[in-house]
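# Descriptive analysis of the structure
For reference, the chains in residue letters:
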Amino acid sequence: MQAGVPCNVELFYPDGPWPAPGGEELDVRAWGFGDFERGLIKGLDISVLKIVGILDQHGPFSGIMGFSTGAAVAAIIASILERPERIQTFIRDTPMKASWCSSSGNSRRTD
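A brief structural summary. (Residues numbered from 1 in each chain as written. Predicted model: local features only at pLDDT ≥ 70, side-chain atom pairs only at ≥ 80, totals over all residues. Heavy atoms only, no water.)

## Here's the deal with the overall build of the protein chain
Helix and strand content of the protein chain: two helices and six strands. The secondary structure elements of the protein chain, listed N-terminal to C-terminal, are β-β-β-β-α-β-α-β. A buried classification covers 29% of the 111 residues belonging to the protein chain. Pairs at least 24 residues apart make up 51% of the contacts formed inside the protein chain by residues separated by at least 6 positions. Element-wise, carbon and sulfur atoms account for 54% of the exposed surface of the protein chain, whose accessible area totals about 7,800 Å². (Helix = DSSP H or I, 4+ residues; strand = E, 2+ residues; numbered from the N terminus. Buried < 20%, exposed > 50% of the residue type's maximum accessible area, 1.4 Å probe, protein only. Contact = heavy atoms within 4.5 Å. Areas by Shrake-Rupley, 256 points an atom, 1.4 Å probe, with all protein chains shown as cover.)

## Digging into unusual backbone geometry
Here the residue pair Gly 59 and Pro 60 is connected by a cis peptide bond, since its omega of 5 degrees sits within 30 degrees of zero. The phi dihedral of Asp 27 falls on the positive side, at around 55 degrees, and the residue is not glycine. Along the chain, Asp 27 falls in the loop between strand 1 (18-19) and strand 2 (29-30).

## A few points about the layout of surface pockets
Space inside the largest pocket adds up to approximately 950 Å³. In terms of lining residues, the largest pocket is bounded by 33 residues, among which Phe 12, Pro 14, Gly 63, Ile 64 and Met 65 are the most central. Secondary structure elements with two or more residues in the lining of the largest pocket: strand 2, helix 1 (44-58), strand 5 (63-67), helix 2 (69-82) and strand 6 (98-102). The biggest single contributor to the lining of the largest pocket is strand 5, with five residues. Of the residues that constitute the lining of the largest pocket, the class distribution is 21 nonpolar, nine polar and three charged. (1 Å grid on protein atoms, 1.4 Å probe; cavity = no way out; pocket = protein on both sides within 12 Å on 5 of 7 lines; lining within 4 Å. Points joined across faces, edges and corners; volume = space filled by probe spheres on them. Nonpolar A, V, L, I, M, F, W, Y, C, P; charged D, E, K, R; others polar.)

## A look at the environment of Ile 46
With respect to the secondary-structure elements, Ile 46 resides in helix 1. Each C-alpha atom of the pair Ile 46 and Trp 31 lies 8.5 Å from the other, and the pair is 15 residues apart in sequence. Setting aside residues no more than four positions away along its own chain, Ile 46 makes contact with Pro 17 and Trp 18.

## Regarding the packing of aromatic side chains
Inspection of every chain in the model, using the stated rule, returns one aromatic pair. With a centroid separation of 5.6 Å and 65 degrees between ring planes, the pair formed by Phe 12 and Phe 61 is classed as edge-to-face. You can see Phe 12 sitting in the segment before strand 1 and its partner Phe 61 sitting in the loop between helix 1 and strand 5, a full 49 residues away along the chain. You can call Phe 12 partly exposed: its relative accessible area is 36%. (Phe/Tyr/Trp six-rings, centres within 6.5 Å; stacked < 30°, edge-to-face > 60°.)

Encoded structure:
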């Protein structure tokens, strides 16, 4: 993906903090796990804190992208940074100029 962006743009690819079920052989990571019974994403709090740490250590960033549970994390981070006073005790970043969030599933059972 880096080859398709201008030379003055650097992409940063953090891995989720959790091993993805069934992805152990490929070292696939996840940002959280849907709890269909309670309608929430387990592990999301740790994932948000990981991104906050990345922003503090490697930022500032102009945008954020996420897919699936990563999209939930991206949306939360973009929302937090819209009102920096919410989190400036943790990081010194500014609002994102862009966010892209995409998911192909839902967090509720349909059966």
